[in-house]
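Letter by letter, the chains look like this.
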Amino acid sequence: MANSGVFSREVNPSLIADLRESAMFNEHLWGDITNIDWKDRVFPAIRKKRIDFYYSGGKLFSYDQNARFTTHRKYASVFDVTNNYVSEQDLLTARPIANFCEAYGRIKANCAMYAGVETQGLSNAHKRSSFAACDDDVVVLDIEVALAGMDDGQDRATELQPGGNSNRLDLLLYDKVNRSLRFYEGKHYSNPELWAEPGRRPKVVAQLHRYNEMLRRKDKQQQILVAYTSYVATMNSLFDLALPPPRTVEETVVLLVFGYDDRQAPRIDELLLSDDSLKGFRFRQKGDTRNSKFSANVLWQKVRQY
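A quick note: this is a predicted structure, and the numbers were derived from the prediction, not measured.

Rules and cut-offs
- Residues numbered from 1 in each chain as written.
- Predicted model: local features only at pLDDT ≥ 70, side-chain atom pairs only at ≥ 80, totals over all residues.
- Heavy atoms only, no water.
- Helix = DSSP H or I, 4+ residues; strand = E, 2+ residues; numbered from the N terminus.
- Buried < 20%, exposed > 50% of the residue type's maximum accessible area, 1.4 Å probe, protein only.
- Areas by Shrake-Rupley, 256 points an atom, 1.4 Å probe, with all protein chains shown as cover.
- Salt bridge = Lys/Arg side-chain N within 4 Å of Asp/Glu carboxyl O.
- Lys, Arg positive; Asp, Glu negative; His and termini not counted.
- Polar contact = N/O pair within 3.5 Å; in protein donor to acceptor, adjacent residues only side chain to side chain.
- Contact = heavy atoms within 4.5 Å.
- Pairing = 2+ DSSP bridges.
- Axes fitted to C-alpha atoms, helices over the stretch in contact; angles between N-to-C directions.
- Phe/Tyr/Trp six-rings, centres within 6.5 Å; stacked < 30°, edge-to-face > 60°.
- Lys NZ or Arg CZ within 6 Å of the ring centre and 35° of its normal.
- Parallel < 35°, antiparallel > 145°, perpendicular 65-115°, else oblique.
- Nonpolar A, V, L, I, M, F, W, Y, C, P; charged D, E, K, R; others polar.
- 1 Å grid on protein atoms, 1.4 Å probe; cavity = no way out; pocket = protein on both sides within 12 Å on 5 of 7 lines; lining within 4 Å.
- Points joined across faces, edges and corners; volume = space filled by probe spheres on them.
- Core = buried A, V, L, I, M, F, W, Y, C linked by side-chain atoms within 4.5 Å.

Asker: Help me out: how do you make sense of the overall build of the protein chain in this one?
Answerer: Secondary structure summary: the protein chain contains nine helices and 13 strands in total. Counting across all 306 residues of the protein chain, residues that qualify as buried make up 53%. Surface exposure of the protein chain reaches about 14,100 Å², of which carbon and sulfur atoms provide 48%.

Right, here's the structure in full:
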């Protein structure tokens, strides 16, 4: 696969200084990132020259090196109106919202409303196990990671509806004790990329193979370690943490299948496991993403190799 450049998770220190001084960070984001109530948490992630903030499966805001917050137009509420339905008469008196701080709550609500079934389900893991708010041994360190030839951190609120495509790894878990990084590719049970006719491999297999080829490259592993050493140092400074820098990167991705019930579970065994569809790959399954068992600590355990 062609490499579009060196993988990076570095921002200019001036960006962090400006972010610390911003009203948005101090009045809204800091509290939501460190919120004791995991269901309402915002997840921060460093990109190349910017920081993204995610909520319930969508990218809530980006903050760039120009000291500027941006959000997707579908999240931004343009007028301050109290009714769910707006008449032409209401437009005569509706007041445009002056800034993101004023509209923060509504932008968050819109962000959650537009989330796809896959991203919304996965968001329960990084809300519950965010490195910035969780004391567990294993935490979610990053999400929506593009390793090469991809644009990471783009808004996926509608892209990951069943049948959508993705070229980004969904979760990066970090075992703080062993200082090891592990990537997960998450697929909701309804995603057609999981399924194929008996005897044929599903589309997700090619995706896993592509990721594993990248991760087995020593130069790519070194880039990842350098990038996340910088990432950890920046996040430690920004959120007063003491995360240790990573030492190793696991060479293979784990396929995580979620969002199914007991009635649907046999199909996973029949069409993914027993027929050798996932032969040579690692696998983890967890039906319900809404309970405490959908955490980084739990997902790190019981990974199977086929």
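Asker: Which parts of the structure should I look at to understand the pattern of salt bridges?
Answerer: Opposite charge on two side chains makes pairing possible when the charged atoms of those side chains draw close. Under the criterion given, the structure shown has 16 salt bridges. Measuring nitrogen to oxygen at the nearest pair gives 2.8 Å for the salt bridge that ties R68 to D64. Taking relative accessible area as the criterion, D64 reaches 14% and is therefore assigned buried. When the shortest N-O distance is used, the salt bridge between E250 and R282 registers 2.6 Å. One end of the pair, E250, is in the loop between β10 (248–249) and β11 (254–258); the other, R282, is in strand β12 (residues 282–286), with 32 residues separating them in the sequence. Residue E250 shares its accessibility class with R282, and that shared class is buried.

Asker: Help me out: how do you make sense of the side chain of D175 in this one?
Answerer: Among the structural elements, D175 can be located in strand β8 (residues 169–175). Buried within the structure, D175 lacks any salt-bridge partner; R182 is the closest side chain of opposite charge, at an N-O distance of 6.9 Å. A polar contact is formed between the side chain of D175 and the backbone nitrogen of V177, at a distance of 3.0 Å. Ignoring any residue separated from it by four or fewer positions in sequence, one finds D175 in contact with D137, V138, S180 and W300.

Asker: I tried to follow the sheet that holds strand β4 (residues 69–70) on my own but got confused; where do I start?
Answerer: Strand pairing in a sheet relies on backbone hydrogen bonds, with the paired strands running either antiparallel or parallel. What the four strands build is an open sheet, ordered β1-β2-β3-β4; its pairing is antiparallel. With partners counted over all chains shown, the strands left at the sheet margins are β1 (43–47) and β4, one partner each. In this structure, strand β3 (residues 58–64) lies alongside β4, joined through two bridges in antiparallel fashion. From the neighbouring strand, S62 faces β4, where its bridge partner is T70. Along the sheet face, helix α4 (residues 100–113) touches β2 (50–55), β3 and β4 and points at about 140° away from the line of β3.

Asker: I'm lost on the environment of R284 in this one. Help?
Answerer: Turning to its location among the elements, R284 is positioned in strand β12. Spatially, the C-alpha atoms of R284 and L256 are 4.8 Å apart, while their sequence positions differ by 28 residues. Leaving out residues up to four positions away in the same chain, R284 has contacts with V254, L255, L256, V257, V298, L299, Q301, K302 and V303. Of note is the side chain of R284, whose polar atom sits 3.0 Å from the backbone oxygen of V298.

Asker: How should I be thinking about the packing of aromatic side chains in this particular structure?
Answerer: Here the distance between the centres and the angle between the planes together describe a pair of aromatic rings. All chains considered together, the criterion is met by 17 aromatic pairs. Their ring planes at 45° and their centres at 5.8 Å tell us that F7 and Y228 sit as a pair that is tilted. Residue F7 is located in the segment before α1 (13–21), and its partner Y228 is located in helix α7 (residues 218–239); the two are separated by 221 residues in the primary sequence. We note that F7, like Y228, is buried. An aromatic cluster is built from F53, F61, Y63, F69, F100 and Y104, whose rings are joined through pairwise contacts. Its end group placed over the ring of W300, R182 keeps NZ or CZ at 3.7 Å from the ring centre.

Asker: Is there a simple way to explain the packing of α1 against helix α2 (residues 23–33) in this structure?
Answerer: For any two helices packed against each other, the geometry comes down to the angle between their axes and how far apart the axes lie. It is at 4 Å that the axes of α1 and α2 come closest, and there the two elements cross at 70°. Between α1 and α2, the angle falls in the class roughly perpendicular. Counted together, L19, R20 and E21 of α1 and A23, F25 and N26 of α2 form the full contact between these two elements. Of the residues assigned to the contact of α1 with α2, the class counts are three nonpolar, one polar and two charged.

Asker: For this particular structure, what's the right way to read empty space enclosed by the protein?
Answerer: Where empty space is left becomes clear once a probe the size of a water molecule has been rolled over the atoms. One pass over the full model with this rule turns up one cavity of 30 Å³ or more. Quantified by volume, the largest cavity comes out at close to 80 Å³. Lining the largest cavity are 11 residues, with T119, L122, H126, I143 and E144 positioned closest to its centre. Secondary-structure elements contributing two or more residues to the lining of the largest cavity are α5 (117–128) and β7 (138–145). Among the elements that take part in the lining of the largest cavity, α5 stands out by supplying four residues, more than any other.

Asker: For this particular structure, what's the right way to read the nonpolar core?
Answerer: General note: in soluble globular proteins, nonpolar side chains tend to be found buried as a group. Ranked by size, the top nonpolar core spans 85 residues in total, and within it L29, F53, L141 and F183 carry the most contacts. Among the elements that make up this core, the one with the highest residue count is α7 (nine residues). Filtering out sequence-adjacent residues up to four positions away, F183 remains in contact with V145, L147, L169, L171, L172, L215, I224, V249, T252, V253 and V254.

Asker: How should I be thinking about the environment of G199 in this particular structure?
Answerer: By secondary structure assignment, the location of G199 is in the loop between β9 (180–188) and α6 (204–215). With 73 residues separating them in the primary sequence, G199 and L272 have C-alpha atoms 10.0 Å apart.

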